[in-house]
Amino acid sequence: MNSNFSLKRVWYLSRLHFVSNKLIFAGALAVILVVILYIFGMSRADPFTIRRTYDYMLMLAGAIYSSTFFAAWSDKGNSTMRLMLPATSTEKFVTCLLFTTVLYFIVFTVFYTGSIYLLQNVFFEKISFSQLLLADPNDYRDRGFSISASALHLLVFQSFFIAGSVIFNRRQFFYSSIVVFILFFLYIAVQSRIIHLLSGYRIFGLNDLLVLDGKMWAGLKDGSTSIRIGMSELISRLNMVFWIVFPAVIYYVTFLKLKQKEI
Amino acid sequence: MIHFDKLTFWYRSKGPLFSGVDLELTPGTIYGLLGKNGAGKTTLLKLISGLAFPKSGSVTVDGANPGKRQVSTLSDIFFLPEEVAVSAESPVYLQKLVSPFYPRFDNGLFSDLLGKLEVEFDKPFRKQSFGQRKKAMIAFAIACNTSYLLLDEPTNGLDIPSKAAFRRIMASAADPARTIIVSTHQIKDVDSMVDGILILHNRRIILHSTVEKISNKFRFIHGSTIPAEALFAGEGVMGKSCIQLNTGNDETGIDLELLFNAWISDPDKFNNLLISNTLQS
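Thresholds applied
- Within every chain, residues take consecutive numbers counted from 1 along the sequence as written.
- Note on labels: chains are lettered from A, ligands numbered from 1, in written order.
- The model is predicted, so local features are restricted to residues of pLDDT at least 70 and side-chain atom pairs to those at 80 or more, both for listing and for counting; the totals for chains, interfaces and linings are taken over all residues.
- Put simply, DSSP marks the helices as runs of H or I at least four residues long and the strands as runs of E at least two long, and each gets a number from the N terminus on.
- Partly exposed residues are those falling between the two cut-offs: more than 12 but fewer than 20 other C-beta atoms within 10 Å of their own, whereas 20 or more means buried and 12 or fewer means exposed, with C-beta atoms placed from the backbone.
- Once C-beta atoms have been placed from the backbone, residue pairs whose C-beta atoms lie within 7 Å are recorded as contacts.
- Each residue gets one label: Ala, Val, Leu, Ile, Met, Phe, Trp, Tyr, Cys and Pro are nonpolar, Asp, Glu, Lys and Arg are charged, and the others, such as Gly, are polar.
- Any two strands with at least two DSSP bridges between them are considered paired.
- Here an angle of 0 to 180 degrees is reported between the N-to-C directions of two axes, which are lines fitted to C-alpha atoms, with helices fitted over the stretch in contact.
- In this usage, the nonpolar core is the set of buried Ala, Val, Leu, Ile, Met, Phe, Trp, Tyr and Cys residues whose C-beta atoms join them within 7 Å.
- Delimitation of the domains relies on an automatic or database domain assignment.

Asks: Whenever I open this one, the overall build of chain B confuses me. Can you help?
Replies: The helix and strand tally for chain B stands at 10 helices and 12 strands. When the backbone C-alpha atoms are referred to their principal axes, chain B occupies close to 60 × 45 × 35 Å. Residues counted as buried form 42% of the 281 residues belonging to chain B. Taking the intrachain contacts of chain B between residues at least 6 apart in sequence as the baseline, contacts between residues at least 24 apart amount to 65%.

Asks: What should I look at first to understand the interface of chain A and chain B in this one?
Replies: Many authors give the size of an interface as the accessible area that is lost as the parts come together. Contact residues are listed per partner, giving 23 residues for chain A and 26 residues for chain B. Those elements that provide at least two residues to the side of chain A that touches chain B are helix H1 (7–20) and helix H4 (76–83) of chain A. Considered class by class, the residues forming the side of chain A that touches chain B number 11 nonpolar, eight polar and four charged.

Asks: Please clarify how the sheet that holds strand S4 (residues 56–61) of chain B should be interpreted in this entry.
Replies: Adjacent strands of a sheet pair through backbone hydrogen bonds, lying either parallel or antiparallel. Residue and element names in this part refer to chain B. What the three strands build is an open sheet, ordered S2-S1-S4; its pairing is antiparallel. This sheet does not close on itself; its edge strands, each paired only once, are strand S2 (15–25) and S4. When strand polarity is set aside, the average angle formed by the axes of neighbouring strands in this sheet is 25°. The pairing of strand S1 (residues 2–11) with S2 spans seven bridges and is classified as antiparallel. Following the sheet pairing, Ile2 is matched in S2 by Leu25.

Asks: Explain the nonpolar core here, please?
Replies: Within soluble globular proteins, side chains that are nonpolar generally end up buried alongside one another. Residues Ala139, Leu150 and Ile199 of chain B are the most contacted members of the largest nonpolar core, which totals 92 residues. Here the element with the most residues in this core is helix H5 (residues 130–143) of chain B; it accounts for eight residues. Looking at which domains feed residues into this core, each of domain 1 (2–201) and domain 2 (210–275) of chain B gives three or more. With near-sequence residues (within four places) excluded, Leu150 of chain B lies in contact with Leu45, Ile48, Ser49, Ile77, Phe78, Phe79, Leu80 and Ile181 of chain B. Leu58, Trp73, Phe99 and Leu155 of chain A belong to the second-largest nonpolar core, a separate cluster that totals 31 residues.

Asks: Would you take a moment to explain unusual backbone geometry for this structure?
Replies: With the exception of glycine, most residues fall at negative phi, and the peptide bonds are largely trans. Look at Arg171 of chain A: it is not a glycine, yet its phi comes out positive at around 45°. Along the chain, Arg171 of chain A turns up in the loop between helix H8 (147–167) and helix H9 (172–199). Despite not being glycine, Asn145 of chain B shows a phi value in the positive range, around 55°. Summarising the element assignment, Asn145 of chain B is placed in the loop between H5 and strand S6 (148–152).

Encoded structure:
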């Protein structure tokens, strides 16, 4: 049998994953719908809240889903069945990425916007699709909150939780969350320290970092005046490492762990 | 062919399990893999199926390293663990969703085996007992028609009629191109169907032989007294039994329990007797 990458086997794996988890998927969508109804079912929704909630729910639900993707592989019987399935480790990993990033992102976005669109248009004022996810486009583009930015954030965020689902044998979501929290804390601390050394200013969180015209800026307060300082080359590189190189390494390490997983 | 070359394996927490094991398992044989608890029966199956990697030495299946998990190797080995997990909702979904991974899967045989084992084809697994699920997976494992079929404690959880059906099915699953290894504690469940025996003890394989060779060399006698020429004797609820040299080409059949106890009591003595040419008159 061909050991090269086969799309046919990815299709078999995808079909198996979908059919085996269809009840869980239906349950997850039901929970998301309940949350949407709770937040947006009482009054006309503020576009800013819709957009913010989208980002938070996308990340949270994605983290939970990703951290469970390989969780069953820590159980002896399940892991034997899955590791012994005649497909390459690459095909199994690609199937994971397909579900946890591409399909999840599309399904969540369509379901979220569709639900709110129906809810708002039936019970409250008319709202357009563009208002749902963009609100004030300038504002969101300034803050790096475009849909593509959300997709990129998801890709970065998911890498930790997918890795967690392979590395940890139990409580994958919990342990992965702790790791993510520690890493973010270190990231902010290092960045704050560098900015402080270079400019004398202090920043305290991720919200102070802005992307404008393709460059990164730190938004700071000098007394009562808001100012922006351009980020140095060092900070830009640090961000590139954090947002692109680091997740790529995490994905690669996860793939290797999966390939070398023993029972 | 399965080939072990000076294989050493240990678990970090448990110390050495195998030390310098050499082994060659040939096609067309149903092997009974016996050993005490913790002897490493399941680990041996995992090493063959690439679920565990040797610390030193090597294991190959048809010349390939199973640890690389190449599709060609995976599609030719089916390992059914003791704690079965079903990767689909029901036998019908198992056939629809998992069988396409196995190029030689036989749909007709799968239905036939499910019938023989009295498992409903479209009943969801969540509504079936552990034994039913296990029977469905045994049927699936055989229907995959892989060259290597590894079964870990397959009769655990099966009722008495199912154990009998299992023995009949396994006998029919024998094929000159297929190697079947059945690891078990339930010696009585496999004694009539195996034609090769492996015993694991003290980090090594202390017996690797065929049933034919053993029954040519030894007689297994049951009675009320133990003869003086007995090489090993045991006592069970059915009375006394012993092993003697087979000097008259008698065919007594093998008492696997007695054989196992004899070999772990003094492996060197019995192996020397087994390979000796001067014993059989």
